[in-house]
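Take a look at the letters that make up each chain.
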Amino acid sequence: MSEPQPKSRWQIAAEAAMALCLGVMALAVFVNVVLRYGFGSGVAASEELSRLLFVWMVFIGATAAYPRGEHMAFTSLLLPLRRKPAALRAVTALIRVAVIAAAVLVAWGAWQQVVVGMESRSVVLGYSNALLPLPALLSCAAIALMALWELLRNRPLDLEHESDVE
């Protein structure tokens, strides 16, 4: 096993943004529950705010997980190729191209939703509905760029996950 790499500024910022989203969501939901069950009223905006923050938190996390190799990986399927470096490089390139293609497709769909959302507003808070699909667009664009960079640099896949449950 290799030693864990120190966290980059981007990883620290992503973790801080996710913690902030989670903290605000937890506080909003807690206050809403207390008001609803304790006083018979609630804050209507807490549901919209929680949904928006949850979407952003998920895609920030997905983007931060990619460079660390924390997305689901079926490395056990590649272990037989460990002794065949040329085949492993070819399969690695194919995997990276598939990641780029999938990310581009999701980003394209998210872009279409962003365009549609620009014309409408959320019911309670009044924010543009483009803010809901926007993190998917940004996340997929970032993941596609990272995968392209790894493809161009011919970076090998991390096969150290073989002991993890997949």
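Residues numbered from 1 in each chain as written. Predicted model: local features only at pLDDT ≥ 70, side-chain atom pairs only at ≥ 80, totals over all residues. Heavy atoms only, no water.

Caption draft 1: Seen up close, the overall build of the protein chain. From N to C terminus, the protein chain includes 4 helices and 0 strands. Order of helices (α) and strands (β) in the protein chain, N terminus to C terminus: α-α-α-α. The globule rule puts the C-alpha radius of gyration for 166 residues at 15 Å, and the 20 Å found for the protein chain is more than 25% above it. Counting only C-alpha atoms, the protein chain reaches 65 × 35 × 30 Å along its principal axes. Evaluated residue by residue, the protein chain yields a buried proportion of 29% over its 166 residues. In the protein chain, once contacts between residues fewer than 6 apart in sequence are set aside, the share between residues at least 24 apart is 71%. (Helix = DSSP H or I, 4+ residues; strand = E, 2+ residues; numbered from the N terminus. Rg over C-alpha atoms; globule rule 2.2 N^0.38 Å. Buried < 20%, exposed > 50% of the residue type's maximum accessible area, 1.4 Å probe, protein only. Contact = heavy atoms within 4.5 Å.)

Caption draft 2: Here's a closer look at the pattern of salt bridges. Counted by the stated rule, this structure contains 5 salt bridges. A salt bridge links glutamate 15 to lysine 7; the nearest nitrogen and oxygen atoms lie 2.9 Å apart. Exposure remark for lysine 7: the relative accessible area of 48% places this residue in the partly exposed category. Where arginine 36 meets glutamate 47, a salt bridge forms, and the shortest distance between an N and an O atom there is 3.3 Å. One end of the pair, arginine 36, is in helix H1 (residues 9-39); the other, glutamate 47, is in helix H2 (residues 45-65), and 11 residues separate them in sequence. When salt bridges with common partners are traced through the structure, they connect Lys7, Glu15 and Arg68 into a single cluster. (Salt bridge = Lys/Arg side-chain N within 4 Å of Asp/Glu carboxyl O.)

Caption draft 3: Region of the structure containing the side chain of serine 139. Structurally, serine 139 can be placed in helix H4 (residues 134-152). You can call serine 139 buried: its relative accessible area is 4%. Here threonine 63 takes part through its side chain, which lies 2.7 Å from a polar atom of the side chain of serine 139. Setting aside residues no more than four positions away along its own chain, serine 139 makes contact with Phe59, Ala62 and Thr63. (Polar contact = N/O pair within 3.5 Å; in protein donor to acceptor, adjacent residues only side chain to side chain.)

Caption draft 4: Fine view of the nonpolar core. Formed by Ala103, Ala107, Ala110, Val114, Ala130, Ala136, Leu137, Cys140 and Ala144, the largest nonpolar core amounts to 9 residues. Residue assignment for this core shows that the elements contributing at least two residues are helix H3 (85-117) and H4. With near-sequence residues (within four places) excluded, cysteine 140 lies in contact with Ala103, Val106 and Ala107. (Core = buried A, V, L, I, M, F, W, Y, C linked by side-chain atoms within 4.5 Å.)

Keep in mind these values describe shape, not function.
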